Structures are given as structure tokens and as C-alpha cells.
Amino acid sequence: MAIAKAIIGGKDSSRATAKGKPRHFLDIKDFDTASLRRMLDWGKSYKAGGAPAGAKPLAGKTIALIFEKPSTRTRVSFEVAMRQMGGDVVILGQAESQLGRGETIADTARVLSRYVDAIMLRTVSEKHLMEMAEHASVPVINGLTDHGHPCQLMADLMTLEERKGPLAGKIVAWLGDGNNVAESWIHAAARFGFTLRLACPASCKPPESALAWARKEKADLQLGEDALAAARGADCLVTDTWLSMSSGNAPDLDREARLAALAPYRIDERVMAAAKPDAIFMHCLPANRDREVAAAVIDGPQSAVWDEAENRVHAQKGILHWCLAQG
Ligand code: CP
């Protein structure tokens, strides 16, 4: 079997079973602080031009990038990160694969595990991610679900730390929709010991499950409905589109009702001025300058959004290193 695989160029799928469970990266909350710290530090090291495991630690390895939803940053940053680490990528959109015609996630996971060394999945549903992770024998990486965007958060944490120093004790204010990215910020606040103020309309609060998890983990979470109060004295203001690809927290709210409820949470110059004078603005992008953020803020001197977008590449190198290159 091993010889046949070598001849036909197949992948040795025994790696995962020989060493136990694959190293999935599914959610920030699955990891302790030390493990996340290591991934961030590897990402920083790659950014600085170093490579913890040699110049091309992923030479000979391939990742499948599967998209059930559109993407610019996640797709390009994963492809660039993988190639710069010496690896290769295969990109699958919903329409180009048999997933779009009803093949199960479980069967797809089993088959891809025979071809590639890791799978990144951007999916319409947390359930799909869990099914992929359960049936894959290679690491599965969460490229966004309706309940989280952990790769984005790793880039956001890297950016916040670069601009403002150690994360512990910082004040981050999330204004607007308590969506999937907000859920990942909740997980990060618990793991890295910063204060997270969430100012959201009652109809767009993060799900109770995320808030209950934060209470259990003793995260310093402050939930309210006053945008200016949340911004006051903060180190970082952060928001996301109001018409998210995920509306898991308010699936029944129609578009106009959602926009009306979120209108008071727009980050403009007045809200930015309430934060610390050296506060930064972050947004995972894509942004809408007519809605959640004023052009004067996102294009202004306190905006860190372009560093944040760049850091997707570096932070994901840290994640890929953890999944594929270490030990
Ligand atoms: N922030 C983010 O995930 O961007 P894309 O949707 O373009 O991947």
C-alpha cells in the first residue's frame, strides 16, 4: 500500500492516526492561552522574516481551501501563506465540487484526507465544520462559520499587539452587530485577559451561548446598548459590516429593520474621539463607508485596517505552522 501510494503520488494518511487526532484549528476557545501565544509568536517570526522550521517548512504539503461563501482576504491570504511556506493549494468553490450536488461533508472529508495535508473550510454552518473535522484525518481549519472567524481574530490580535503593546488589560470596544466575528472577540477576550465592551442593539446581541461561555470563563465582558459609553477610553474600536454573511444571531430580522437598529452604532469621528487619543480602529473588511464606519475613520490616521488585512497572511502562517509544521 505504501509503495502504491508513493508510485501514484498519493498522500500517506497514516500520519494522523499514528500521532493521534489531527491538529484542527476550529475555534479560539478550543485552545489555552499558551498555545494561542505560540501561534501568534510563530506568525510574528514569519513576518519578521524568520521561519521557525526552515525556509520552506511546508514543502511537499498541500491544503484544500473550500468556500461555501465568497472570500477575498481568506482565499488570497491562505494561498499566499501556504506558497510562501513552500506548500501548495487546491481551491474548491461550492459550485465546482460535488458538495454543491449533495455529496456529504463526511465523504468529502474522507476523500480529501487521502489527497491533501490540511483542509480549510469557509462554511454556511458550524455543523458542516464539525462534520468535516470529525471525518477528516488531516487538520481542518475554520475559515469562517456563522459562529466564529478565528483566523481573522488571530490577525486582529497580532495587529492590536503591534500597535498597542501587550493585550492584557487593554480595552476593546465592539460596536454594532454581535455577529460571528464578535463571538470570536469574546473568545479572545477570555484567553488574553483584555476587557471587551460590546455595544449592540437588543435585536443584534451575540447569542446567549457565547455570553454564557464568557461568564463561565470569567471573561471581562461588558454588554450594553450605548455606543459612546462603550467607546469612552477604549484602546481599540472595532466593527464589522451590518449585513454580514452570518446573520446567525438575528436570522429573522429583515434588512431594513437591521440597518435601522444598527444606525446608532456607526463609528464616526465623534465616536472615535471618545476613545483614547492613540486608539486604533479595526474592521475585518469588506467595509461599507456609508453604514458601519465613516470614511474619515477607516481612511483616517487611527485606522489599522490595512495592517490587519496584511496580518491575515502572517497570523495564518502561525496557524499553519501549528497544524502542519511543528513536531
Ligand atoms: N475578513 C474576511 O474574512 O474577508 P473575506 O470575506 O474577503 O475572506
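What you see as residue numbers is a count from 1 along each chain, following the sequence as written. Only residues with pLDDT of at least 70 are given local features in this predicted model, and only at 80 or more are side-chain atom pairs given and counted; all residues enter the totals for whole chains, interfaces and linings. Each side-chain value is derived from all of the structure's non-hydrogen atoms; neither hydrogens nor water enter the calculation.

A.B. asks: Hey, could you run me through the overall build of the protein chain in this one?
C.D. replies: Numbering goes from the N terminus for both helices and strands, where a helix is a DSSP run of H or I of at least four residues and a strand is a run of E of at least two. Helix and strand counts for the protein chain come out as 14 helices and nine strands. Expected size for 327 residues packed as a compact globule is a radius of gyration near 20 Å; at 20 Å, the protein chain falls within 12% of this value. Projected onto the principal axes, the alpha-carbon positions of the protein chain cover approximately 65 × 45 × 35 Å. Per-residue burial for the protein chain yields a buried fraction of 55% across its 327 residues. Any two residues having at least one pair of non-hydrogen atoms within 4.5 Å are treated as being in contact. Across the protein chain, the fraction of contacts at a sequence separation of at least 24, relative to all contacts at a separation of at least 6, is 74%. The atom set for the radius of gyration is the C-alpha atoms, and the globule formula is 2.2 Å times the number of residues raised to the power 0.38. Residue exposure (1.4 Å probe, protein chains only): buried if accessible area is under 20% of the type maximum, exposed if over 50%, otherwise partly exposed.

A.B. asks: Just to check I follow, could you spell out the site of the ligand for this structure?
C.D. replies: Distances are taken per atom, and a residue is near a molecule or strand as soon as one of its heavy atoms is within 4 Å of it. Around the ligand, the neighbouring residues are Ser71, Thr72, Arg73, Thr74, Arg122, His149, Gln152, Cys284, Leu285 and Arg312. Contacts described as polar in this section are N or O atom pairs within 3.5 Å, which, within protein, must combine one atom able to donate a hydrogen with one able to accept it, while residues neighboring in sequence count only if both atoms come from side chains. Measuring from a nitrogen atom of the ligand, one finds a backbone N or O atom of Cys284 at 2.9 Å. For the ligand, the accessible surface in isolation is 250 Å², of which the surrounding protein chains cover 95%. Charged means Asp, Glu, Lys or Arg here, nonpolar means Ala, Val, Leu, Ile, Met, Phe, Trp, Tyr, Cys or Pro, and polar covers whatever is left, Gly included. Residue composition of the shell around the ligand, grouped by class: two nonpolar, five polar and three charged. Per-residue accessibility takes into account occlusion by the displayed protein chains alone, with areas from the Shrake-Rupley method and a 1.4 Å probe.

A.B. asks: What am I meant to see in the side chain of Ser303 here?
C.D. replies: Inspection of the secondary structure puts Ser303 in the loop between helix 13 (295-298) and helix 14 (305-325). For Ser303, a relative accessible area of 10% translates into the label buried. Side-chain polar atoms of Ser303 contact the backbone oxygen of Ile298, separated by 2.8 Å. A distance of 3.4 Å separates a polar side-chain atom of Ser303 from the backbone nitrogen of Val305. Excluding anything up to four places from it in sequence, Ser303 contacts Arg163, Phe281, Val297 and Ile298.

A.B. asks: Please explain unusual backbone geometry as it appears in this structure.
C.D. replies: Most peptide bonds are trans, and most residues other than glycine sit at a negative phi. Of the consecutive residues Leu285 and Pro286, the connecting peptide bond is found in the cis state with omega at 5°. Relative to the elements of secondary structure, Pro286 occurs in the loop between strand 9 (280-283) and helix 13. Its identity is not glycine, yet Leu144 carries a phi of approximately 125°, on the positive side. Looking at the element boundaries, Leu144 is found in the loop between strand 4 (140-142) and helix 7 (150-164).

A.B. asks: Looking at this structure, I do not really get the packing of aromatic side chains. What am I missing?
C.D. replies: Aromatic ring pairs: the centre-centre distance and the angle between the two ring planes describe each pair. In this analysis, rings of Phe, Tyr and Trp, with Trp reduced to its six-membered ring, are considered paired at centre separations within 6.5 Å, and the interplanar angle assigns stacked below 30 degrees, edge-to-face beyond 60, and tilted for intermediate values. With the rule as written, the count across this model stands at three aromatic pairs. Here the aromatic rings of Phe31 and Trp322 are separated by 5.1 Å at their centres, their planes lie at 85°, and the arrangement is edge-to-face. Residue Phe31 is located in the loop between helix 2 (14-18) and helix 3 (33-47), and its partner Trp322 is located in helix 14; the two are separated by 291 residues in the primary sequence. When sorted by exposure, Phe31 lands in the same class as Trp322, which is buried. Three or more aromatic residues joined by ring pairs form one cluster here, namely Phe25, Phe31 and Trp322.

A.B. asks: I tried to follow the nonpolar core on my own but got confused; where do I start?
C.D. replies: Considering soluble globular proteins, one finds that nonpolar side chains tend to be buried as a cluster. Here, nonpolar core refers to any group of buried Ala, Val, Leu, Ile, Met, Phe, Trp, Tyr and Cys residues whose side-chain atoms link them within 4.5 Å. In this structure, Phe25, Ile141, Met154, Leu157, Trp185, Phe194 and Leu320 are the most contacted members of the largest nonpolar core, which totals 60 residues. Here the element with the most residues in this core is helix 8 (residues 180-192); it accounts for eight residues. Setting aside residues up to four positions removed in sequence, Leu157 forms contacts with Leu40, Leu167, Trp185, Ala188, Phe192 and Phe194. Residues Ala230, Ala231, Ala275 and Val305 belong to the second largest nonpolar core, which totals 23 residues.

A.B. asks: Help me understand the state of the cysteines in this model?
C.D. replies: Defined simply, a disulfide is a covalent bond joining two cysteines at their sulfur atoms. When the sulfur atoms of two cysteines come within 2.5 Å, that pair is taken as a disulfide. One pass over the structure, following the stated rule, counts zero disulfides. In this structure Cys200 is not part of a disulfide, and its nearest cysteine sulfur, from Cys204, lies 7.7 Å away.

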